[in-house]
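# Geometric and topological summary
Okay, here's what each chain looks like letter by letter:
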Amino acid sequence: MRTGKLLASCLFGASLLFLTLQTRSLAAPASAQSEKQDKNARPQPVRDGDRAFRQNCARCHNAPESFPPQISGTIVRHMRVRASLSREDERAILKFLNP
Amino acid sequence: MSHLSHCPAFYAIRRIPVAVALIVTVALLGQYAGAQDTPLISGGIGFFSNTNGGNTTYLPVLSPVLAAPIGPRLLVESRATILETFFPKGGGQIGYTSAPFLGIDYLQGDFLVSPHLTVVAGEFLTPFGTYNERLTPIWIGNFEDGPLIFGLGTMNTAMGVGGMLRGSAVSTPKYSVDYAAYFSARSTNQQFNSQRSSGGQASIYFPETGLEFGASYGRRLQDTQQSFFGFHVWWEPIDSPFRLRSEYAHGEHSQGYWIETDYRLSHFGGPTSTIGRLEPVFRMQQTFRNSPDSTDGLPSADTQRADFGLDYHFAHEVRIDSSYSRQFSSTGNRNVWETGIVYRFLFPTWKGK
C-alpha cells in the first residue's frame, strides 16, 4: 500500500514536471525561435543529416563535441551496424559529419 | 601470485597482452582503409561509488572501444571493460580490499552484405530488449546499475558467440523497420563466455512522432531449455529533450519491467547554460517471481524499485551522475546511493591520410 502510494506520487510528479517543461518550451523566447529559423536555412544535406543523426544516433547518446574528419566514415560504419542505419541515413549522416 | 592464480580475474588479467596484440593487429590492418575510414579508439573512463545497505564500493573503470574498417565492406569492432573493485573486507575487519576484472564485451566482424543486411560473426551483445545493445556503455546509460530484468533474455552472459544477421528491413520517411536474428554456441572460455541459444528482435520506428515499438524473443538451447520474450516502447518526441524508455521481459520463472524518463533542461538557456546542463532522471522497476530459479538473475522475491537520478553534463565530454534508489522487497527494503564521473573519448588510431 505504502509502495503503491510512493509509485503513484513519483509518476504524478514526473508527469507534472514534464507538462511544466513542455509548456515552457512552447513559450520559447524569440531568440530561440530565430535560432530555429537559422537552422532551417541551412543547406538541405546538412538538414537531412541533422535529422538522420537525431533520429538514429542521438536517441541513445549525445553527439561528440568534435572529432577529426578522417574517422567520420568509421563512425558511420559503426553506427550502421549499431543502429541499423538505412543507406539513405548512412549517406546523410556521413555528409553531416563531414560536410 | 600463488593466491591470485586461483582467482578467475587473474586469468583475465593474463589475457591483457593477447587483447592488446589483437587490437594492434586490427588497427594496423585498418591503415589500408579510405580517407575517412581511419580506425578509431573511443570509449569512456570513469570512477563510480555505490553505497548499498551501508556498504560503499568504489569502481574505477576503463571501457575502450575499437572500430577498424578493413576494405569497403568489413568492420572489426570490440569493446572491453577493465575495472578494479574496492570493497569493505567484511567479517569484522577494517579497511578495503580489491579485485581486478577484465572482460571483452564484444569482439565481432561485421560484413556489410547489402543496405538491408549485415552479417555479424564473433562475440556480440545479445539482441534482446534495448538495454544490452544500446545503454550499457558507461558514457551512455543514465544509471550506474542496469535494470533488474537485465538477465531475462540475455542468457545471463549478455553475449553470444556465433553469428547474427541484422539490418534495416524497410526505411521510409514515415517509418522504419529493423531486425536482428542470432545463433550462439555454448562457450565456457573465460573471455568468450556464452550459452547455446538463439533468438532475435524486430522494431518499428516512427520518426515523426519519435515512437518505437519492438519485440524480442530468445530461447536457451542448453541444460533446461527456456524461452524468453519481451517488448519495448521508446518515445522521444521531436524537438524536445524529453525521453521515455521502457521494457517488459518475461521468462518461465519470472517477469518484470522498467520505465525510465529523463529531461535535459536545455530549454533553460540552451544546452551549455548552467541549468541546461542538468538532466533529471527517473526510473521505475518491478519484478515478479513466479517460481524459484537461481539462474535468471532476478531477485528471489517480488521487488519494486524507484531510482531518482540527476546528471550534469560538463563541457569536453565529462558527465557526473548521481542517484538515489529505494528498493522494496519481502526480503528487505534498502537504499542505494550512487555517484560517478565519466569522461568519453574519441580519437583516430593515427593521424591518417
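Residues numbered from 1 in each chain as written. Chains lettered and ligands numbered in written order. Predicted model: local features only at pLDDT ≥ 70, side-chain atom pairs only at ≥ 80, totals over all residues. Heavy atoms only, no water.

## Here we look at the overall build of chain B
Helix and strand counts for chain B come out as three helices and 18 strands. Within chain B, counting contacts between residues at least 6 apart in sequence, those at least 24 apart form 53% of the total. For chain B, the accessible area works out to roughly 15500 Å², and carbon and sulfur atoms hold 64% of it. (Helix = DSSP H or I, 4+ residues; strand = E, 2+ residues; numbered from the N terminus. Contact = heavy atoms within 4.5 Å. Areas by Shrake-Rupley, 256 points an atom, 1.4 Å probe, with all protein chains shown as cover.)

## Regarding the environment of Phe 47 of chain B
Residue and element names in this part refer to chain B. Tracing the backbone through its elements, the reader meets Phe 47 in strand E1 (residues 40-52). Residues Phe 47 and Val 61 lie 14 residues apart in sequence; the distance between their C-alpha atoms is 6.1 Å. Residues within four places of Phe 47 in sequence aside, it is in contact with Tyr 58, Leu 59, Pro 60, Thr 339, Gly 340 and Ile 341.

## Description of the interface of chain A and chain B
Counting residues at the interface gives 43 residues for chain A and 65 residues for chain B. Approximately 4600 Å² of surface area, both sides summed, lies buried where chain A meets chain B, with 56% of it carried by carbon and sulfur atoms. Across the contact surface, chain A and chain B share five salt bridges. Here Arg 82 of chain A makes a salt bridge to Glu 77 of chain B, at a shortest N to O gap of 3.4 Å. Inspection of the chain A/chain B interface yields 22 residue pairs in polar contact (both at pLDDT 80 or more). If you list the elements that add at least two residues to the side of chain A that touches chain B, you get helix H1 (2-26), helix H3 (44-56), helix H4 (72-83) and helix H5 (87-97) of chain A. Within the side of chain A that touches chain B, the residues separate by chemical class into 19 nonpolar, 15 polar and nine charged. (Buried area = accessible area lost by both parts, 1.4 Å probe. Salt bridge = Lys/Arg side-chain N within 4 Å of Asp/Glu carboxyl O. Polar contact = N/O pair within 3.5 Å; in protein donor to acceptor, adjacent residues only side chain to side chain. Nonpolar A, V, L, I, M, F, W, Y, C, P; charged D, E, K, R; others polar.)

## Describing the confidence of the model for chain B
Per-residue confidence for chain B gives a mean pLDDT of 89; residues scoring 70 or more make up 90%. Ignoring residues within four places in sequence, the model shows residues 1-13 of chain B, a span with pLDDT below 50, making nine contacts including any to other chains. (pLDDT = per-residue confidence, 0-100.)

## Quick look at the side chain of Ser 197 of chain B
When you line up the elements, Ser 197 of chain B lands in strand E10 (residues 197-206). Each residue touching Ser 197 of chain B, except ones within four places of it in the same chain, is listed here: Met 155, Tyr 182, Phe 183, Ser 184, Arg 219, Arg 220 and Leu 221 of chain B.

## As for H4 of chain A
Each α-helix winds once per 3.6 residues, and so residues spaced three or four apart point in a common direction. Residues and elements named next belong to chain A. Between its first and last C-alpha, H4 extends 16 Å over 12 residues, near the 16 Å set by a 1.5 Å rise per residue. The element H4 is largely enclosed, with a buried count of 11 among its 12 residues. What H4 keeps buried is the set Ser 72, Gly 73, Thr 74, Ile 75, Val 76, Arg 77, His 78, Met 79, Arg 80, Val 81 and Ala 83. Just beyond H4, the residue with positive phi is Ser 84, at close to 50°. (Expected span 1.5 Å × (residues − 1). Buried < 20%, exposed > 50% of the residue type's maximum accessible area, 1.4 Å probe, protein only.)

## Quick look at a positive patch on the surface
On the surface, Arg 87, Arg 91 and Lys 95 of chain A together with Arg 73 of chain B cluster together into a patch of positive charge. Looking at the element boundaries, Lys 95 of chain A is found in helix H5. Owing to a relative accessible area of 52%, Lys 95 of chain A belongs among the exposed residues under this scheme. (Patch = residues over 30% accessible without salt bridge, like charges linked within 9 Å, V, L, I, M, F, W, Y side chains within 5 Å. Lys, Arg positive; Asp, Glu negative; His and termini not counted. Charge placed at Lys NZ, Arg CZ, Asp CG, Glu CD.)

## A closer look at the packing of aromatic side chains
With the rule as written, the count across this model stands at 14 aromatic pairs over all chains. Plain terms: the ring middles of Trp 235 of chain B and Phe 242 of chain B are 5.6 Å apart, the flat faces sit at 70° to each other, and that makes the pair edge-to-face. Taking relative accessible area as the criterion, Trp 235 of chain B reaches 31% and is therefore assigned partly exposed. On the basis of an interplanar angle of 65° and a centroid distance of 4.8 Å, the ring pair of Tyr 312 of chain B and Phe 314 of chain B is categorised as edge-to-face. You can call Phe 314 of chain B partly exposed: its relative accessible area is 38%. One aromatic cluster in this structure is built from Phe 47, Tyr 58 and Tyr 96 of chain B. Lying across the ring of Tyr 106 of chain B, Arg 82 of chain A places its NZ or CZ 4.2 Å from the centre. Note that Arg 245 of chain B overlies the ring of Trp 234 of chain B, its terminal NZ or CZ placed 4.7 Å from the centroid. (Phe/Tyr/Trp six-rings, centres within 6.5 Å; stacked < 30°, edge-to-face > 60°. Lys NZ or Arg CZ within 6 Å of the ring centre and 35° of its normal.)

## Topic: the pattern of salt bridges
Residues and elements named next belong to chain B. Scanning the entire structure with this criterion turns up 23 salt bridges over all chains. With a shortest N-O distance of 2.8 Å, Arg 79 and Asp 105 are connected by a salt bridge. Of the two residues, Arg 79 is situated in strand E3 (residues 74-90) and Asp 105 in strand E4 (residues 93-114); the sequence distance between them amounts to 26 residues. By relative accessible area, Arg 79 is classed as buried at 6%.

## Digging into the pairing of strand E7 (residues 176-185) of chain B
All names here are of chain B. Residue alternation in E7 divides its side chains into a buried set, Ser 176, Asp 178, Ala 180, Tyr 182 and Ser 184, and an unburied set, Val 177, Tyr 179, Ala 181, Phe 183 and Ala 185. Across 10 bridges, strand E6 (residues 159-171) lies against E7 in antiparallel orientation. Bridge assignment links Ser 171 to a residue of E7, and that residue is Ser 176. Counted between consecutive antiparallel strands, the loop separating E6 from E7 contains four residues. Bridge analysis of E7 against E10 gives nine bridges, and the strand direction is antiparallel. (Pairing = 2+ DSSP bridges.)

## Section: the packing of H4 of chain A against H5 of chain A
For any two helices packed against each other, the geometry is given by the interaxial angle and the distance between the axes. All names here are of chain A. Axis separation between H4 and H5 bottoms out at 10 Å; the angle between their running directions is 150°. In terms of their interaxial angle, H4 and H5 are classed as roughly antiparallel. In this structure, the crossing between H4 and H5 has a hand that is right-handed. Only Glu 90, Ile 93, Leu 94 and Leu 97 of H5 make contact with H4, whose side of the interface consists of Ser 72, Gly 73, Ile 75, Val 76 and Arg 80. By residue class, the composition of the contact of H4 with H5 is five nonpolar, two polar and two charged. (Axes fitted to C-alpha atoms, helices over the stretch in contact; angles between N-to-C directions. Parallel < 35°, antiparallel > 145°, perpendicular 65-115°, else oblique. Left-handed = near helix turned anticlockwise from the far one by under 90°.)

## Considering unusual backbone geometry
Where the residue is not glycine, phi is negative for most of them; where a peptide bond is considered, it is trans in most cases. Residues and elements named next belong to chain B. Positive phi values are uncommon outside glycine, yet Asn 156 reaches one of about 70°. Positionally, Asn 156 belongs in the loop between helix H3 (131-135) and E6. Of the residues examined, Asn 156 reaches a relative accessible area of 35% and is grouped as partly exposed. Of note in this structure, Ala 158 is not a glycine but carries a positive phi near 65°.

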